[in-house]
Amino acid sequence: MMGSMARAELELGLHRVVLSLPAVDPDDLIAACEVLWQEGHRVWSLPADRLDEVAGLRSVFGRRARIGVHNIVAPEAAAEAVEAGAAMLACPVADAEVAAAAGGVPVILGGLTPSELQAGYRAGASAVQVIPCEAFGSAYARTLPELLAPVPVLAAGRLEHYQADLWLASGALGVWPSDLVTIDLIVDADLDGLRAVAQAWRLGD
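All residue numbers here refer to positions counted from 1 along the written sequence of the relevant chain. A pLDDT threshold of at least 70 governs which residues receive local features in this predicted model, and a stricter bar of 80 or more applies before side-chain atom pairs are shown or counted, although totals over entire chains, interfaces and linings include all residues. Side-chain metrics rest on all non-hydrogen atoms present in the structure, leaving aside hydrogens and water.

### A few points about the pairing of strand β7 (residues 153-157)
Remark: exposure states derive from per-residue accessible area (1.4 Å probe, protein chains only) relative to the maximum for the residue type, with buried under 20%, exposed over 50%, and partly exposed in between. Numbering of helices and strands runs from the N terminus; a helix is a DSSP stretch of H or I covering at least four residues, while a strand is a stretch of E covering at least two. A large share of β7 lies buried, amounting to five of its five residues. By the alternation rule, side chains of β7 split into V153, A155 and G157 and L154 and A156, which are all buried. Strand pairing is defined by DSSP finding a minimum of two bridges between the two strands. Two strands pair when backbone bridges link them, and strand β6 (residues 127-130) and β7 are joined in this way by three bridges, in the parallel orientation. Bridge assignment links V128 to a residue of β7, and that residue is V153. Whether a crossover is right-handed depends on one test, that the path from the first strand over the helix to the second runs clockwise when the strands point away from the viewer. As a crossover connection, the stretch from β6 through helix α6 (residues 137-148) into β7 is right-handed. Pairing between β7 and strand β8 (residues 174-177): four bridges, direction parallel. Pairing of A156 across the sheet is with W176, part of β8. The β-α-β motif built from β7, the intervening helix α7 (residues 161-169) and the parallel element β8 has right-handed crossover chirality.

### Some words on a negative patch on the surface
Note on patches: the residues involved have over 30% relative accessible area and no salt bridge, like charges join within 9 Å, and the nonpolar side chains Val, Leu, Ile, Met, Phe, Trp and Tyr join within 5 Å. Surface exposure here means Shrake-Rupley accessible area, sampled with a 1.4 Å probe, where a residue is shielded only by the protein chains that are shown. Note on definitions: salt bridges are taken to be side-chain nitrogens of Lys or Arg within 4 Å of carboxyl oxygens of Asp or Glu. In this tally Asp and Glu are treated as negative and Lys and Arg as positive; neither His nor the chain ends contributes. A charge is said to be at NZ when it belongs to Lys, at CZ for Arg, at CG for Asp and at CD for Glu. Negative charge collects at one region of the surface, where D184, D188, D190 and D192 lie side by side. If you trace the backbone, D188 turns up in the loop between α8 (183-187) and α9 (192-200). Exposure remark for D188: the relative accessible area of 33% places this residue in the partly exposed category.

### Brief notes about the pattern of salt bridges
What the rule picks out here adds up to five salt bridges. Two residues, R64 and E34, come together in a salt bridge whose shortest N-O distance is 3.5 Å. Placement of the pair is R64 in the loop between α2 (52-61) and β3 (66-70) and E34 in helix α1 (residues 26-38), with a sequence separation of 30 residues. The partner of R195 in a salt bridge is E39, and the shortest N-O contact between them spans 2.7 Å. Of this pair, R195 sits in helix α9 while E39 sits in the loop between α1 and β2 (43-47), and the two are 156 residues apart along the sequence.

### Examining the nonpolar core
Within this scheme, the nonpolar core is defined by two criteria: the residues are buried Ala, Val, Leu, Ile, Met, Phe, Trp, Tyr or Cys, and they are joined through side-chain atoms within 4.5 Å. Core analysis: the largest hydrophobic core is formed by 62 residues, its most contacted members being W44, L89, V130, W167 and V175. Tallying contributions element by element places α1 first for this core, with five residues. Sequence-distant contacts of V175, that is, excluding residues within four places in its chain, are made with R16, V17, V18, A155, L159, A164, W167, L168, W201 and L203. Counting residues in each nonpolar core, the second largest holds 11 residues, with V18, M88, I108 and A156 among its members. Any two residues whose heavy atoms approach within 4.5 Å at even a single point are treated as in contact.

### A short note on the state of the cysteines
One way to say it: the disulfide is the covalent bond shared by the sulfur atoms of two cysteines. By convention in this document, the label disulfide applies to cysteine sulfur atom pairs within 2.5 Å. Applying the stated criterion to the full structure yields zero disulfides. C133 provides the cysteine sulfur closest to C91, a residue in no disulfide bond, and the two sulfurs are 17 Å apart. For C91, a relative accessible area of 1% translates into the label buried. Under the relative-accessibility criterion, C133 is labelled buried at 2%.

The values reported here are purely geometric and, on their own, carry no functional implication.
As structure tokens, then:
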């Protein structure tokens, strides 16, 4: 249980979308992130094995974007991500030790069933991620956020646009579509494809 400790607030921005960033050349990544920022997507995440890239992105975007770290699977990794400057942490399971190691940084803990997600929230998570959110289909999206309310829920996994809309309409805090920002989109010379994807996922416009 979290006890009396204040729960860090998770801010997902206007479109309520978290975007995972693929492994590309740092210059290409910065150019791509500028396009994402221009289109209103300002919450990005890197995997735990790419902590060295957090500082580079923060040096360019500063407080203009929130740069998180996902696939945190141990409290030591959580502490390292905080030290690297991560603005949020994400763990695929309901690990209370990861939440405790976050040092005031918002934490997203994962699960699939209502019991797992509730356990993650009680462990101190700022929000919980349903992962993989596609496992139980559209009926789950229609019922789970209301069932868990007021627990903040994110849908994380392979999401089509209409599925993301459904989760948000059902009360989810946000969505985290996997593989939406691809290497091919980023290395494209004019970044028009990336911009088109970013515009299509300006949820709520």
